[in-house]
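One-letter residues, chain by chain:
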Amino acid sequence: MYKQPEKAYKYLLSLAALFMAVLFCVPTLRAQNDVLLTQSWAVPTYYNPATTGQVDFLRIRGGARLQWIGIDNAPKSFLATADMPVKIGKKRIGVGADMMNESLGLFSNTLINIQASYKIKFLKGTLSIGVQGGYYTSKFKGSEVVLPEGDDYHQGTDEAIPTTDVTGNTFDLSAGLHYTHKWFSIGISGLHLLDPKVKLDTEGNQNSETSYYETSLPRTLYFTADSNIPLKNTLFELQPSLLAASDFKTFNVQAAMRARYNRFLSFGIGYRYKDAVSVMVAAEFKNFFIGYSYDYPTSAISKASSGSHEIIAGYQIKLDFSGVNKNKHRSIRIM
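Residues numbered from 1 in each chain as written. Predicted model: local features only at pLDDT ≥ 70, side-chain atom pairs only at ≥ 80, totals over all residues. Heavy atoms only, no water.

**Q** Is there a simple way to explain the nonpolar core in this structure?
**A** Here is a general trend for soluble globular proteins: nonpolar side chains tend to be buried in one another's company. Judged by nonpolar contacts, the single largest core of 27 residues is most densely connected at Leu37, Tyr47 and Tyr222. The set of elements that each furnish at least two residues to this core consists of helix H2 (44-47), strand S5 (125-140), strand S8 (197-202), strand S12 (236-246) and strand S15 (276-285). (Core = buried A, V, L, I, M, F, W, Y, C linked by side-chain atoms within 4.5 Å. Buried < 20%, exposed > 50% of the residue type's maximum accessible area, 1.4 Å probe, protein only. Helix = DSSP H or I, 4+ residues; strand = E, 2+ residues; numbered from the N terminus.)

In structure tokens form, the structure reads like this:
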């Protein structure tokens, strides 16, 4: 089955190169918009639809991130994901859905996605190709805008800033590739591929016209890598992970090293480049999962904030595929 490994590797690299070329073909510059979770390894489907249906479970995860405690109107994010494998004939595909809600100052954004992935045996692992479609809603509380007055530097009005609540929505499209081996996995994905624009509007009254404002959901490229390293003659495993993200204007990268004991308790440390250091702990009991992380900022924001808190919890239900995946390997992530 694996008689031409060099050719297969070249094929995999070609797919990744083509995927990246499509992402970079439009050099639009925007600000990072997705939630960068410290425990990104616990919710892989949020960053790459190709990771749906990795294991024989209906996997449900939900979490919250409270960022920069101590700062008024700091970002707050809530996330829920669900995915499972489905057998169609002799083929195995993954399906899933996720929902994200975040508040950033006077903005409130919600994104709901449905996902699907197709899996093929490749070398000694599995190559997965995934897509997702979504519906994005953005709201701005213009009624709570306060513009300073009474000095030489500010005006009491600004046509570029709405003074009433406005809302808008748009469709979204994402795709990804993911390769899983017994001891490691790598993935690349592009979220918000169409770089969708969101037109925010408010209805005018008899004395005014309808006003329109525009924001965008920036195209973002993600790269992930994970590994599982058993320590000989112990019940410990080391689980390093990496996540890199770019919207072609900004670049973010975070790395974590976790140790898991007896497939039950894990703990670790992490670092987000020029942003924060983190500690994390997680536990699994039967089909339940719970994880917590704390970030301490390493930037100047530490003068105003005591840090960020994040919690993720989940449950999984075993699915019976009557012998499908007989040669299954243990997932490198905490499942």
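So, next bit.
**Q** For this particular structure, what's the right way to read the environment of proline 75?
**A** Note that proline 75 resides in the loop between strand S1 (57-69) and strand S2 (76-88). Judged by its relative accessible area of 16%, proline 75 falls in the buried class. As for proline 75 and serine 308, which are separated by 233 residues in sequence, their C-alpha atoms are 9.8 Å apart. Dropping the residues within four chain positions of it, proline 75 is found in contact with Arg65, Leu66, Gln67, Trp68, Ser103 and Leu104. (Contact = heavy atoms within 4.5 Å.)

**Q** Sorry if this is basic, but what is going on with empty space enclosed by the protein here?
**A** One simple way to see leftover space: roll a probe sized like a water molecule over the atoms. Enumeration according to the criterion identifies 5 cavities of 30 Å³ or more in this entry. The volume enclosed by the largest cavity comes to roughly 210 Å³. For the largest cavity, the lining is made up of 25 residues, of which Ser40, Trp41, Ser241, Leu243 and Gln254 are closest to its centre. Mapped by element, the contributors of at least two residues to the lining of the largest cavity are H2, strand S10 (220-227), S12, strand S13 (251-261), strand S14 (265-272) and S15. For the lining of the largest cavity, the leading source of residues is S15, giving 4 residues. Here the residues of the lining of the largest cavity are counted per class, giving 11 nonpolar, 10 polar and 4 charged. (1 Å grid on protein atoms, 1.4 Å probe; cavity = no way out; pocket = protein on both sides within 12 Å on 5 of 7 lines; lining within 4 Å. Points joined across faces, edges and corners; volume = space filled by probe spheres on them. Nonpolar A, V, L, I, M, F, W, Y, C, P; charged D, E, K, R; others polar.)

**Q** Help me understand the pattern of salt bridges in this model?
**A** Two side chains of opposite charge can pair, provided their charged atoms sit close to one another. Taken as a whole and assessed by the stated rule, the structure comprises 9 salt bridges. Arginine 92 is the salt-bridge partner of aspartate 56, the closest N and O atoms lying 2.6 Å from each other. Remark: arginine 92 occurs in strand S3 (residues 91-104) and aspartate 56 occurs in the loop between H2 and S1; sequence separation between them is 36 residues. Using a relative accessible area of 8% as the deciding quantity, one classes aspartate 56 as buried. In this structure, aspartate 295 and arginine 65 form a salt bridge, with 2.9 Å as the shortest nitrogen-oxygen distance. With aspartate 295 in strand S16 (residues 288-297) and arginine 65 in strand S1, the pair connects residues that are 230 residues apart, well separated along the chain. Put simply, Arg65, Arg272, Asp275, Asp295 and Glu310 are held in one network by salt bridges that share partners. (Salt bridge = Lys/Arg side-chain N within 4 Å of Asp/Glu carboxyl O.)

**Q** Just checking my understanding: could you explain the environment of proline 85 for this structure?
**A** Residue position: proline 85 is located in strand S2. Residue classification places proline 85 among the buried residues on the basis of a relative accessible area of 1%. Separated by 27 residues in the primary sequence, proline 85 and leucine 58 place their C-alpha atoms 7.6 Å from one another.

**Q** Can you help me understand the confidence of the model for the protein in this one?
**A** It should be kept in mind that the predicted coordinates are not to be read in detail where pLDDT is low. Summing up the model confidence of the protein, the mean pLDDT is 83 and the portion of residues at 70 or higher is 79%. Helix H1 (residues 5-24) is the least confidently modelled element of the protein, averaging 44 in pLDDT, while S16 averages 97, the highest of any element. Note that residues 1-32 has pLDDT below 50 and, in this model, 52 contacts with residues that lie over four places away or in other chains. This model gives residues 324-332 a pLDDT under 50, and the stretch forms 27 contacts once residues within four places in sequence are excluded. (pLDDT = per-residue confidence, 0-100.)

**Q** Would you explain the side chain of threonine 126 in this entry?
**A** Tracing the backbone shows threonine 126 in strand S5. Excluding residues that lie within four positions of it along the chain, threonine 126 makes contacts with Lys119, Ile120, Lys121, His178, Tyr179 and Thr180.

**Q** Which parts of the structure should I look at to understand the packing of aromatic side chains?
**A** Two measures describe an aromatic ring pair: the distance that separates the ring centres and the angle between the ring planes. Tallied over the full model, the rule gives 9 aromatic pairs. Both rings, one in phenylalanine 236 and one in tyrosine 261, keep their centres 5.0 Å apart while their planes meet at 50°; by these two values the pair is tilted. A residue pair is termed long-range when its members are at least 10 positions apart, and phenylalanine 236 in strand S12 and tyrosine 261 in strand S13 qualify at 25 residues. Overall, tyrosine 261 belongs to the partly exposed group, its relative accessible area being 36%. In textbook terms, an aromatic cluster arises when at least three aromatic residues are bridged by ring pairs, as seen for Tyr46, Tyr47 and Tyr222. Geometry around phenylalanine 289 places arginine 61 over its ring, the cationic atom sitting 4.2 Å from the centre. Above the face of the tryptophan 41 ring, arginine 258 is positioned so that its terminal group lies 3.7 Å from the ring centre. (Phe/Tyr/Trp six-rings, centres within 6.5 Å; stacked < 30°, edge-to-face > 60°. Lys NZ or Arg CZ within 6 Å of the ring centre and 35° of its normal.)

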